[in-house]
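What the coordinates show
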Amino acid sequence: MLTSKQRAKLKSIAASTETILQVGKGGIGEQLIKQVDDALTAREIIKLRVLETAPEEPGPLAQELAEATQSEVVQVIGRRMILYRKNQKKPILLLD
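This write-up is about the structure you can find in this document. Everything numeric in this text was worked out from a predicted model, so none of it was measured.

About the cut-offs
- Along every chain, residues carry numbers that run from 1 in the direction the sequence is written.
- The predicted nature of this model means local features are confined to residues of pLDDT at least 70 and side-chain atom pairs, given and counted, to a pLDDT of 80 or more, with totals for whole chains, interfaces and linings taken over all residues.
- To get the side-chain values, take all heavy atoms of the structure and skip hydrogens and water.
- Here, nonpolar core means buried Ala, Val, Leu, Ile, Met, Phe, Trp, Tyr and Cys residues that are tied together by side-chain atoms lying within 4.5 Å of each other.
- Exposure is judged per residue with a 1.4 Å probe applied to protein chains only, and the accessible area is read against the type maximum: over 50% gives exposed, under 20% gives buried, and values in between give partly exposed.
- Numbered from the N terminus, helices here are DSSP runs of H or I no shorter than four residues, and strands are runs of E no shorter than two.
- In this analysis, two residues are considered to be in contact whenever any of their non-hydrogen atoms come within 4.5 Å of each other.
- Just so you know, the count uses Lys and Arg for positive and Asp and Glu for negative, and it drops His and the chain ends.
- A pairing counts as a salt bridge when a side-chain nitrogen of Lys or Arg comes within 4 Å of a carboxyl oxygen of Asp or Glu.
- Two strands are said to pair when DSSP picks up at least two bridges between them.
- With axes taken as lines fitted to C-alpha atoms, and helix axes fitted only over the stretch in contact, angles between N-to-C directions fall between 0 and 180 degrees.

Here we take up the nonpolar core. Val-23, Val-36, Ile-46, Leu-48, Leu-65 and Leu-83 are the most contacted members of the largest nonpolar core, which totals 19 residues. Broken down by element, the residue count for this core peaks at 5 residues, all from helix 2 (residues 30–43). If near-sequence neighbours (up to four positions away) are discounted, Val-23 is found in contact with Leu-32, Leu-48, Arg-49, Val-50, Leu-51, Ala-54, Leu-61 and Leu-65. Of all hydrophobic cores here, the second largest spans 9 residues; its members include Leu-2, Ala-14, Ile-45 and Leu-93.

Right, here's the structure in full:
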């Protein structure tokens, strides 16, 4: 669970981060989960965009992706979501 200070720091980091993945009309499938998992391992924090054609709203999709990848939802703004998962072997971001 993230503290409010950690969440604020992650939000500021994500502000300058590019959106790297999109959730489209297919919703969340095995391929997207694998891509998100790989991206979280490599970067720890990622930004995704939910297209208008997606079957669900961004909030529930963010929660579903977070559960599937054992990550945390940092923020959902409009159609964008930010996910975070600490890399246990080689941490990149120092939050403490």
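The next subject is the side chain of Lys-47. Structurally, Lys-47 can be placed in strand 2 (residues 45–50). Notably, Lys-47 is buried but unbridged: the nearest opposite-charge side chain belongs to Glu-18, and the N-O separation is 7.3 Å. Those residues in contact with Lys-47 that lie beyond four places of it in its chain are Ala-14, Ala-15, Thr-17, Glu-18, Thr-19, Ile-20, Leu-21, Arg-80, Met-81 and Ile-82.

Along the chain, Arg-79 falls in the loop between strand 3 (72–77) and strand 4 (80–84). Owing to a relative accessible area of 22%, Arg-79 belongs among the partly exposed residues under this scheme. Considered as a pair, Arg-79 and Ser-16 are 63 residues apart in the sequence and their alpha carbons are 17 Å apart. Look past the residues within four positions of Arg-79 in its chain and what remains in contact with it is Leu-48, Arg-49, Val-50, Leu-51, Glu-52, Glu-56, Glu-57 and Pro-58.

Pairing within the open sheet is mixed, and its 4 strands lie in the order 1-2-4-3. Pairing within the sheet leaves two strands with one partner each, and these edge strands are strand 1 (19–23) and strand 3. Going from strand to strand, the sheet's axes swing by 30° on average, the running direction of each strand aside. Bridging between strand 1 and strand 2 involves 4 bridges; their strand directions are parallel. Pairing of Val-23 across the sheet is with Val-50, part of strand 2. Seen against the sheet, helix 1 (residues 4–15) touches strand 2, strand 3 and strand 4 and runs at an angle of roughly 60° to strand 3.

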